[in-house]
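Fold and contact review
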Amino acid sequence: MDKHNESVPKEQFKTLIGGQALIEGILMRGPDKQAIVVRSPEGLVKKVEDLKLTAHRSPLARVPFIRGIFTFGSSMVNGVKALLFSADYYPDEDEPAEPSRFERWIEKRFGSEKLEQFLIYSAVVLGIGFSVGLFILLPTLLTGLIPPLRENLMARNLCEGLLKIALFMGYMILVSRLKDMRRVFSYHGAEHKTIRCYEARLPLTVENVRPMIRFHPRCGTSFLLVVVCISILCGALIQVSNTWARMGLHLLMLPVIVAISYEINRFAGRHDNWFTRILTKPGLWMQRFTTNEPDDSMIEVAIEAMKEVIPEEEGADRW
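Residues numbered from 1 in each chain as written. Predicted model: local features only at pLDDT ≥ 70, side-chain atom pairs only at ≥ 80, totals over all residues. Heavy atoms only, no water.

Per the stated rule, a full pass over the model turns up 13 salt bridges. The closest approach of N and O atoms between Arg39 and Glu300, which form a salt bridge, is 3.0 Å. Pair noted here: Arg39 is in strand E3 (residues 33–40) and Glu300 is in helix H11 (residues 296–309), with a separation of 261 residues, a long-range link. Taking the relative accessible area as the measure of exposure, Arg39 reaches 25% and is therefore partly exposed. Lys193 serves as the salt-bridge partner of Glu293, at 3.1 Å between the closest nitrogen and oxygen. Remark: Lys193 occurs in helix H6 (residues 179–199) and Glu293 occurs in the loop between helix H10 (274–290) and H11; sequence separation between them is 100 residues. Via salt bridges that share partners, Lys46, Glu304 and Glu308 belong to a single interconnected network. (Salt bridge = Lys/Arg side-chain N within 4 Å of Asp/Glu carboxyl O. Helix = DSSP H or I, 4+ residues; strand = E, 2+ residues; numbered from the N terminus. Buried < 20%, exposed > 50% of the residue type's maximum accessible area, 1.4 Å probe, protein only.)

For Thr143, the position within the fold is in helix H3 (residues 112–144). Accessibility expressed as a relative area gives 1% for Thr143, which makes it buried. For Thr143, the contacting residues outside a window of four places in its chain are Leu149, Arg156, Cys159, Glu160 and Leu163. (Contact = heavy atoms within 4.5 Å.)

Right, here's the structure in full:
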């Protein structure tokens, strides 16, 4: 942790309110509402939605293990929707891209709403496919190309695991250095700081949020790292040498991996002891690359988003 953050107030409770950094904005999700706040050239733009009548409130979201798969899918869809919403207000100096012939056909045949849904779910599928392909299937494929490893399953599992960790860390570090992502990761830091301030029961002001620590144990980065680690452990159970069969088994195990990872993250988020601190340490370290220190304007956006989702009943958002 940063030295200048050592004396900041500690959390008084744990909230289930979480968020996501957007393009010049932040999505915050509480127990009853979710809010998107974007800083456009004309000022702050807000979009607040009631979650009571959405799939987010489905009974499946409360069943152990099943809720992990359900929550992951729901978060992906809502995250892409929020990103598309924020992108509409992002000042782009280039000419907007012309829609493809296929997109024009969908819009003409089914309407603009169906086109939006098509784009959202396509982005979700592509995002999941890219992550699975890069962090899970590619290591299996690469180790299968090395003759000495094909039949030595213990050595192969070890190499696959090391490759997964290396690819994940390398990708995160590389993305963190991209110019366009630096501001997004600064908004990520603003989101964490604001949640920290709220959990310390301090008034949500820029002055109170600014000195807070930008790392948070209940972060999506931590969840992704746990997914990679659980996939390594589950991969060690695959006693098959054929590369394509191994890749297929990895795909079949994905729902189990996501479910277990969610429950581990949930457990670590609800408890604070030596064991959970060990569990969250790697994720907190990774946040040194996926969060940056925000400026005051970013903190203002995070505060506005947080205020919109705090429940009226005190304690309704407690973990």
